[in-house]
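Descriptive structure summary
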Amino acid sequence: MKKLLTLLAAGMTSLVVADEGMWQPHQLPIIAGKLKEAGLELDPKDLQDLTGFPMGAIVSLGGCTASFVSDKGLVVTNHHCAYGSIQYNSKEGNNLLEKGFLAKSFDKELPAAPGSRVYVTENITNVTDKMKSVVNDKMGGEERFKALDKMTKTLVAECESNKDYRCSVVNFHGGLEYYLFKQLTIRDVRLVHAPASSIGKYGGDIDNWQWPRHTGDYAFYRAYVGKDGKPADFNKDNVPFEPKHHLKVNAKGVADKDYIMVLGYPGRTNRYRTATEVQNEFTVNYPLTKALMGELIQVIKDNSAEGSDDRIKYESSLAGLANYEKNRGSMIESYHKGTTQQRKDAREKAMRGWVKKSKSNNKKYGKAISQLDKLIDKAQKDAKRDTILNFMGFTRMMSTANRLHRLAIEKQKADIDRERGYQERDMKRFEQGMRAMDRRYAPKVDKALLQHMLTRYAELPKEQRRKDLDKFFGIGKKLDAKKLSKRLDAMYAKSKLGDENTRLDWMNKSVEDFNKSDDPFIKLAIATYDARMKAEKESKQLSGDINAVRPKYMEAMIAFYNSKNKPVYADANSTLRVTYGNVKGYSPKDGLYAVPFTRLEGITQKDTGEKPFDSPKKQLELIEGKQYGNYYMKDIDSVPVNFLGTLDITGGNSGSPTLNGKAELVGLVFDGVYESIIGDWDYEPALNRSIHVDARYMLWVMENIDGADNLIKEMDVIR
Ligand code: ARG
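Okay, so let's go over this structure. Treat the numbers as computed from the prediction; the structure is a model and nothing was measured. (Residues numbered from 1 in each chain as written. Predicted model: local features only at pLDDT ≥ 70, side-chain atom pairs only at ≥ 80, totals over all residues. Heavy atoms only, no water.)

One way to put it is that helix α22 (residues 617-624) packs onto helix α23 (residues 695-704) with a least axis distance of 11 Å and a crossing angle of 110 degrees. Our classification of the angle between α22 and α23 gives roughly perpendicular. The element α22 and its partner α23 pack so that their crossing is right-handed. Facing K618, Q619, L622 and I623 of α22, the residues of α23 in contact are Y697, W700, V701 and N704. Its residues assigned to classes, the contact of α22 with α23 comprises 5 nonpolar, 2 polar and 1 charged. (Axes fitted to C-alpha atoms, helices over the stretch in contact; angles between N-to-C directions. Helix = DSSP H or I, 4+ residues; strand = E, 2+ residues; numbered from the N terminus. Parallel < 35°, antiparallel > 145°, perpendicular 65-115°, else oblique. Left-handed = near helix turned anticlockwise from the far one by under 90°. Contact = heavy atoms within 4.5 Å. Nonpolar A, V, L, I, M, F, W, Y, C, P; charged D, E, K, R; others polar.)

What follows is the structure, encoded as structure tokens:
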């Protein structure tokens, strides 16, 4: 792919250069020429049709992406995306995370973790006018927030009149545009196949976010529906969902420089934040969240023995925490090593200068921009305290009691007026959350986490602390650790919320029942309710205030980009996007060049026999014997394991199929290189590399190690 747009204004990057961009399907005409030039063999228009090929084969798992790979609802995604479901079906003595899992026939498939869903986006509608019609410039922040919230709920309720669908209204460019997404929601999801973690998570958290990489990060689910073809709750009589479209797998794979693209659901990027926001995040907020994540990991490990039931319950949380801790660490490192802040400052200055230069632009945007600056300062003021309180929510007993109590309160209102998450539409998920807790909760660990976060909280200056919490836990000037520990022990011993049926019962109780309860965690929920509501109100107000000005800031930014002939894509917001580029190596530092493919032999080189470099013996023997079978790649004289691409992806893209120019599956996206992580804020073409598991490695392992012939036969594999 040629670097087309390299004539950047002095000091500016982060404008659109080749490979950068997470495009909304309706934007594709803008980049159709470039897609063709880059190597897309389909008509770019085909990618716009959500229910056609290939878009109709792409699904969201909520937080990860996946795709249909057979006409019987077989779904492929990453191992780390199915991790929670593998963990859910594991116990001490039958640890599927360790052993892997393969259903040799449909009836052997296992239910995925409660709440697992397959979402198929069928419709995207621009609802900007409707949303804007309920707000005006005179509204205060809270009023504005409420008006938008109500319109959102109304649109969602209308769209969800058909119960098979889940709908959401998502804002783009901070509220400049709104789109309504309508997704068919499949609720019976089953685990079909996952390799052992010694393949699916080979290299573990050491290799995570790194190249060279040798991870078989794939797993298979199947989507089931009722006999009538409509989504249904789990039932053994359900039948496999038959998607209109599924992807073929191309076993010939790709080579260096080939065109690739990814269709998927990237979660969040922050490419258009103000220079001040960037600085706040990298110098204050990220260092704190990174530290807290590291601490929680340590607390969990210190309080659960490796391989124990307790540890198994927290494996998924641990993987998530470790992933983000490393993510934040890399960003902070890149920020201090590189020139991100300088470039953000330069862009800010150039954009504001451009606005000032014209009288009409100044009139249009000037006030909103200075207003935004003030609100950003305001938001930052209590950021540390708020982060610590948020992390306290990581403890399950406290958050479970809060949620159950809140439900009783919300239930007193009409459905449309209830807080999001507490409406009728949310109850199935709510219940599943309450059920699933058992498999993700151990009292000893939970207590240690709460004790740790309360300790962190107690270090805050008195004026930032909350009276209700101080009082409930008897936190004075200094925290008495022993006393607190005793208090918490007593609370965990007495509370009945650790019991599934008790939790489910509480879902149907009244506010009075709560007020009468002597369960210590319910008492805690009640004692802190008012203060939490006050904080929530303030945060809604702030969010409404920001919503009144951020769209104007973004309008100015877009006009500024367009004045330089650069098309603008929106920040990621967990909605369907297209990104395209090439297979390509990179230079992580001076003197080094990273080639784009890793080979089977690299697994052997890394292997120590110990976790996380403990490949199955059988794999090492096959490699030793050069048993490449059907998946040999001449260029590298081996079977390719992982490869590098230039695609613009982020968390949420995990599990997305990597497609060639014909939209055949040649791999799965599962990670980005260490140097690319800061890309969420600041895209750097030289360092931005996506990491993909090669379909050839996946097939090689399935065929030669796990004996998953049934699945290989089921898929359309192009040889
Ligand atoms: N870094 C990957 C991502 O966020 C997740 C990889 C999970 N693997 C792991 N070893 N924790 O997309």
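So, on to unusual backbone geometry. Here F53 and P54 are connected by a cis peptide whose omega angle stands at 5 degrees. Assignment of secondary structure puts P54 in the loop between α1 (28-38) and β1 (58-60). Residues K611 and P612 are joined by a peptide bond in cis, for which omega reads 0 degrees. Looking at the secondary structure, you find P612 in the loop between α21 (600-606) and α22. Not every positive phi belongs to a glycine, and N565 is a case in point at roughly 65 degrees. Along the chain, the position of N565 falls in the loop between α20 (520-562) and β14 (577-582).

Our focus in this paragraph is the packing of aromatic side chains. Each aromatic ring pair is described using two quantities: the centre-to-centre distance and the angle formed by the ring planes. For the coordinates displayed, the defined rule picks out 21 aromatic pairs. Geometrically, the ring pair formed by F172 and F181 is stacked, given 6.4 Å between the ring centres and 20 degrees between the ring planes. F172 sits in the buried class, given a relative accessible area of 1%. Residue classification places F181 among the buried positions, given a relative accessible area of 5%. Residue placement shows R396 over the ring face of F394; its charged tip is 5.9 Å from the ring centre. The ring of F472 carries R487 above its face, with NZ or CZ at 4.7 Å from the centroid. (Phe/Tyr/Trp six-rings, centres within 6.5 Å; stacked < 30°, edge-to-face > 60°. Buried < 20%, exposed > 50% of the residue type's maximum accessible area, 1.4 Å probe, protein only. Lys NZ or Arg CZ within 6 Å of the ring centre and 35° of its normal.)

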